[in-house]
Amino acid sequence: MKKKRMLNRIFAFLTAATLALPVGMASSATASNWTDTEYYKDYSGDGGDVYTEWRQKQDSSSVYICHQGSVDVFAAVLVSGYNGIYSGSNGMYGKGSYVGVPTGQGFYIINYVAESFKSDYNKGNYKYIRLALCPTTHNQCSLYGVWSPDSI
């Protein structure tokens with residue numbers, strides 16, 4: 001009788017654990033930082049960049065941006081974390097790699113921030129990103145739209 005009761009308890013525990021597994025997986029899948037944040041930046045026309053605020057990067061998806069305004073922009077992903085700030089090649093390191101973002105369209109920027117520096121001892125320590133924005137023309141203008149570090 002004791003053996004049967006013990007087997008019933010084990011079976012009940014395993015059943016409960018199996019049923020709880022999809023719930024845990026669903027909650028971790030929705031942990032991304034995909035909520036759009038508005039940006040509005042005045043551009044002086046000096047040829048430099050303007051920056052969004054720092055936001056946490058939580059998964060390996062692309063950065064999302066929907067830029068508005070009268071001119072297209074070039075955008076680069078900047079990362080920050082353990083040992084300073086790096087820019088460049090789609091959010092990795094180097095001299096900066098900007099991608100053209102057309103006005104009025106949702107656009108995804110591929111980056112490797114979540115996987116950061118695969119061959120580097122700092123892997124996974126770069127958790128925050130922001131965008132560097134530069135209009136395609138160097139005239140005074142306003143840059144605005146929405147962006148998110150992670151996409152759906």
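Here the structure is a predicted model, which means the values were calculated and not measured.

(A) Structural context of the overall build of the protein chain. Helix and strand content of the protein chain: one helix and ten strands. Sequence-ordered secondary structure for the protein chain, helices as α and strands as β, is α-β-β-β-β-β-β-β-β-β-β. Here the protein chain, with 152 residues, has 33% of them falling under the buried criterion. For the protein chain, the proportion of contacts with a sequence separation of at least 24, taken over those separated by at least 6, is 78%. Carbon and sulfur atoms make up 56% of the accessible area of the protein chain, which amounts to about 9200 Å² in all.

(B) Examining the packing of aromatic side chains more closely. Evaluated as defined, the whole model comprises two aromatic pairs. Ring plane angle 20 degrees and centroid distance 5.8 Å describe the contact between Tyr40 and Tyr144, whose orientation is recorded as stacked. Taken together, the residues span a long stretch of sequence, with Tyr40 in strand E1 (residues 37-43) and Tyr144 in strand E10 (residues 141-148) at a distance of 104 residues. Seen from their ring centres, Tyr64 and Tyr108 are 5.2 Å apart, and the 50 degrees between their planes marks the pair as tilted. In this pair, Tyr64 is assigned in strand E4 (residues 63-68) and Tyr108 in strand E8 (residues 106-109), connecting sequence segments 44 residues apart. Positioned above the aromatic ring of Trp147, the side-chain terminus of Arg55 is 5.4 Å from the ring centre. One Lys or Arg, Arg130, reaches over the ring of Tyr51 and ends 4.3 Å from the middle of that ring.

(C) Region of interest: the nonpolar core. Of all hydrophobic cores here, the largest spans 20 residues; its most connected members are Ile65, Val77, Leu131, Leu133 and Leu143. For this core, the elements supplying multiple residues, two or more each, are E1, E4, strand E5 (73-81), strand E9 (126-135) and E10. If near-sequence neighbours (up to four positions away) are discounted, Leu133 is found in contact with Tyr39, Gly48, Asp49, Val50, Thr52, Ile65, Val73, Phe74, Ala75 and Leu143.

(D) Local environment of the sheet that holds E8. Read from one edge of the open sheet, four strands run E1-E10-E4-E8, paired in antiparallel fashion. In this open sheet, the two strands that pair with only one neighbour each are E1 and E8. Between one strand axis and the next, the sheet turns by 30 degrees as a mean value, whatever way the strands run. Here E1 runs beside E10; their pairing, made up of seven bridges, is antiparallel.

What counts as what
Residues numbered from 1 in each chain as written. Predicted model: local features only at pLDDT ≥ 70, side-chain atom pairs only at ≥ 80, totals over all residues. Heavy atoms only, no water. Helix = DSSP H or I, 4+ residues; strand = E, 2+ residues; numbered from the N terminus. Buried < 20%, exposed > 50% of the residue type's maximum accessible area, 1.4 Å probe, protein only. Contact = heavy atoms within 4.5 Å. Areas by Shrake-Rupley, 256 points an atom, 1.4 Å probe, with all protein chains shown as cover. Phe/Tyr/Trp six-rings, centres within 6.5 Å; stacked < 30°, edge-to-face > 60°. Lys NZ or Arg CZ within 6 Å of the ring centre and 35° of its normal. Core = buried A, V, L, I, M, F, W, Y, C linked by side-chain atoms within 4.5 Å. Pairing = 2+ DSSP bridges. Axes fitted to C-alpha atoms, helices over the stretch in contact; angles between N-to-C directions.

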